[in-house]
There are 2 protein chains.
Amino acid sequence: MKIAVVGTGQTRFGPSPKSLAELMTEASQQALAEAGLKIQSVDAVYLANFSSRFSQQCHLPAVFASCFEVGKEIVRVESACAAGGLALKEAVLALQTGRYQKVLVVGVEKMTAVSTSTATRILATAGSQEEQKHGATFPSLFALMAQRYLDHYSASEKHLALVAVKNHHHACLNPQAHFHRKITIKEVLASRVVASPLKLLDCSPLSDGAAAVLLAADKETARLSNKPIFLRGLGHEVGPIELTKRKSLTSMPTVIRAGKKAFEMSGFKPEDIDLAELHDCFTIAELIQMEDLAFCRPGEAKRWVETNRTQIGGDLPINPSGGLKAKGHPIGATGVAQVVEVVRQLQGGVGKRQVKKARVGLCCNIGGSGGTAVVTIFSQ
Amino acid sequence: MKIAVVGTGQTRFGPSPKSLAELMTEASQQALAEAGLKIQSVDAVYLANFSSRFSQQCHLPAVFASCFEVGKEIVRVESACAAGGLALKEAVLALQTGRYQKVLVVGVEKMTAVSTSTATRILATAGSQEEQKHGATFPSLFALMAQRYLDHYSASEKHLALVAVKNHHHACLNPQAHFHRKITIKEVLASRVVASPLKLLDCSPLSDGAAAVLLAADKETARLSNKPIFLRGLGHEVGPIELTKRKSLTSMPTVIRAGKKAFEMSGFKPEDIDLAELHDCFTIAELIQMEDLAFCRPGEAKRWVETNRTQIGGDLPINPSGGLKAKGHPIGATGVAQVVEVVRQLQGGVGKRQVKKARVGLCCNIGGSGGTAVVTIFSQ
């Protein structure tokens, strides 16, 4: 079966006066409009949302039904920050049964209505309670990975900073991004230490936002889009929630396994990928995923960022959207927004940040400190 | 494709010293043991959990992976109190792709670790924020339905009480139930008013608990169980979250639509059902569902309960497990526990509460005030 993205939608990311329901509706309407469809003709809807505590709202399927005044099969899935990738996977399974032809996937989170300290407590629920009890919040878990990576591969904080600088640069070219501000290596290194060696500008922000993709199967794809982008590979893997259960701190086993599955299914190899949206919740995560997905060898990511190979214009542009770091990270929306960017890049319509000769793209969406990973590969 | 339940598991419902992870593990291990399987041979796991606020834990898939020290495709779904039914549906879709052979479905909630007032606030997130703002908590929403039902059909509070009395009676025969206490109509009517006409004994309790079912496809079914119980029908429907958007307060459109779908798929008619587990979060809900599922005509449910037709021994035993009212209502577990009861009844192994000649059983799991409904039909 051939499954394609036939519509995409995304709100601007960043603090927004709009409600959770309004954000979700805006992104959905864009994706539907691109395919010229009304919600009534969609067979099912998959929603990604991380925590009901940000907006005091569970039961999002029924909220969606209210927004569109519709009766339908609507599902919410969650697996921390990988909720978006997971919603896409469940939509793909629905299509693969042959019982559904058109499925909408919507990711949404509204994170800025609560205080930063409340947000930190909410984010902590994506981690191991035992680890959190000892003060290991997400910045500190990723700091452990970063410190080990720097030591093991003789890398420096400058290599981490280069990821932030690149992603902020890319975000300046993306009208939907949270930040439109170029930053320098010096600024990153001088920014406030959050959990050494990670500084404020190594961390993704709290954002509001929503993203949507409309998937269609087989004959519907050509009917609904003149530029359908096909799903070629998908891997979903979950492993233990604790970082302490991991043999190495410099790689994420779920990303390795999900990546292998996605490449195997697609028939593509890492060297075939023209652009990738990786899950840079912290700068170190982008370096680790570059290696876990075999774009480069372990320890080699630092050379790639030193030589700008992952910038737009380089061999393998990574996070041309600006990534979580600078496009923003409204958690439930993130995995879906990665797909939106890759699809729009492969369609060739993203203006100044267009990656040249973009034929095959990859998304890597992780949850927690890597307990969940969803990797997808798309091509024309 | 034939899909069957080949293993069931359920913890005792009610306040428990066990953690969310321990409850989830216990139910899962029972279901796996019944089929003689280890978790390693299961292709995917679907988890149902309502709110991360009860146990400060999102990212349950990775918690599950930790409990079993396993790497796997694990998904969490949520749609308020219908999370369990929804997890079953997603597991069925996975099997229907033909890419999975054995899928575990686990529902869990630990509700008693927080105060009752906190629990009430958490439960409110399953409803419309607009309605909640005006004080319309779930007891008051169901009270509106109850009041309208009593007026419209000239029924009395005694008819509501009869549902509670029956379900408490059934629960006394169920070792896994939250309550083992017979109650009288007089006691129900004399219990504290929560939201008139609903009194304390018209309401389901806050419970801890987990339930699990192992599903298998085609040839695997006979290999894994000598008493496989087959899924014959399934309907999932979502509609607007607000009660105010409903044309009538005496029926739930999602239940009607999901029921029709399930009956159509199964080839069975309402009169073919030998027992049913309905979603009696409040006593009125059981009466409404009896009518929406066409077991009896609108307004006729009161005659059925007056004449004990829905007791074990009657024409159509409803909630032989004790139902949400008396077996308990650990939200994420509820939809899965309904299936556990129906499957065990159809296998003929539930002792004193065994329904005679039980060949076809139905489960109805709803979310919120009926915004979501999942109806399933099983037979030998």
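Note that this is a predicted model, so its numbers are computed, not measured.

Visitor: What is the right way to look at the overall build of chain A in this model?
Guide: Helices and strands together make up the secondary structure of chain A, namely 14 helices and 11 strands. In terms of overall dimensions, chain A is globule-like: its C-alpha atoms have a radius of gyration of 19 Å, near the 21 Å expected for 380 residues. If you line up chain A on its principal axes, its C-alpha atoms span 55 × 45 × 35 Å. Within chain A, the fraction of its 380 residues that count as buried is 68%. For chain A, the share of sequence-separated contacts (at least 6 apart) that also reach a separation of at least 24 residues comes to 78%. For chain A, the exposed surface amounts to about 12500 Å²; the carbon and sulfur share of it is 52%.

Visitor: Explain the packing of helix 7 (residues 157-171) of chain B against helix 11 (residues 283-292) of chain B here, please?
Guide: All names here are of chain B. Running from N to C, helix 7 and helix 11 cross one another at 100°; their axes reach a closest spacing of 8 Å. The pairing of helix 7 with helix 11 is recorded here as roughly perpendicular in orientation. On the side of helix 7, the interface is formed by His159, Leu160, Val163, Ala164, Lys166 and Asn167, while helix 11 contributes Thr283, Ile284, Glu286 and Leu287. Grouping the constituent residues of the contact of helix 7 with helix 11 by class yields 5 nonpolar, 3 polar and 2 charged.

Visitor: For this particular structure, what's the right way to read the side chain of Thr25(B)?
Guide: In this structure, Thr25(B) sits in helix 1 (residues 20-34). Residues within four places of Thr25(B) in sequence aside, it is in contact with Cys67(B) and Phe68(B).

Visitor: What is the right way to look at the pattern of salt bridges in this model?
Guide: Between side chains of opposite charge, pairing is possible as soon as their charged atoms come close. A full pass over the atoms with the stated rule returns 44 salt bridges over all chains. Taken together, the salt bridges that share partners define one network made up of Glu73(A), Lys89(B), Glu237(B), Arg257(B) and Lys261(B).

Visitor: Can you walk me through the interface of chain A and chain B in this structure?
Guide: In many analyses, interface size is given as the accessible surface area lost on bringing the parts together. Across the contact, 54 residues belong to chain A and 54 residues belong to chain B. Of the roughly 4100 Å² buried between chain A and chain B on both sides combined, carbon and sulfur atoms contribute 49%. When residues of chain A are sorted by the area they lose upon contact with chain B, His59(A), Glu78(A) and Val238(A) head the list and together hold 15% of the total. Scanning the region where chain A abuts chain B turns up 8 salt bridges. Between Glu73(B) and Lys89(A) there is a salt bridge, and its shortest N-O distance comes to 2.6 Å. Remark: the boundary between chain A and chain B carries 41 residue pairs in polar contact (both at pLDDT 80 or more). Of all the secondary-structure elements, those providing two or more residues to the side of chain A that touches chain B are helix 2 (60-68), strand 3 (73-78), helix 3 (83-96), strand 8 (229-238) and helix 10 (253-266) of chain A.

Visitor: When you look at the side chain of Ser321(B) in this model, what are you seeing that I'm missing?
Guide: All names here are of chain B. On the secondary structure map, Ser321 appears in the loop between helix 12 (301-306) and helix 13 (323-326). Accessibility expressed as a relative area gives 0% for Ser321, which makes it buried. Only 3.4 Å separates the side chain of Ser321 from the side chain of Lys327, close enough to count as a polar contact.

Visitor: What should I look at first to understand the relation of the copies chain A and chain B in this one?
Guide: Both copies of the chain are tied together by a single rotation about an axis and a shift running along it. For the match of chain A to chain B, the screw axis carries a shift of 0.0 Å, the RMSD comes to 0.0 Å, and the turn is 180°. What the superposition gives is, in effect, a two-fold axis relating one chain to the other. Mapped onto chain B, 100% of the interface residues of chain A are again interface residues, and the two copies thus contact each other with one and the same surface.

Criteria and thresholds
- Residues numbered from 1 in each chain as written.
- Chains lettered and ligands numbered in written order.
- Predicted model: local features only at pLDDT ≥ 70, side-chain atom pairs only at ≥ 80, totals over all residues.
- Heavy atoms only, no water.
- Helix = DSSP H or I, 4+ residues; strand = E, 2+ residues; numbered from the N terminus.
- Rg over C-alpha atoms; globule rule 2.2 N^0.38 Å.
- Buried < 20%, exposed > 50% of the residue type's maximum accessible area, 1.4 Å probe, protein only.
- Contact = heavy atoms within 4.5 Å.
- Areas by Shrake-Rupley, 256 points an atom, 1.4 Å probe, with all protein chains shown as cover.
- Axes fitted to C-alpha atoms, helices over the stretch in contact; angles between N-to-C directions.
- Parallel < 35°, antiparallel > 145°, perpendicular 65-115°, else oblique.
- Nonpolar A, V, L, I, M, F, W, Y, C, P; charged D, E, K, R; others polar.
- Salt bridge = Lys/Arg side-chain N within 4 Å of Asp/Glu carboxyl O.
- Buried area = accessible area lost by both parts, 1.4 Å probe.
- Polar contact = N/O pair within 3.5 Å; in protein donor to acceptor, adjacent residues only side chain to side chain.
- Least-squares fit on C-alpha atoms with pLDDT ≥ 70 in both.

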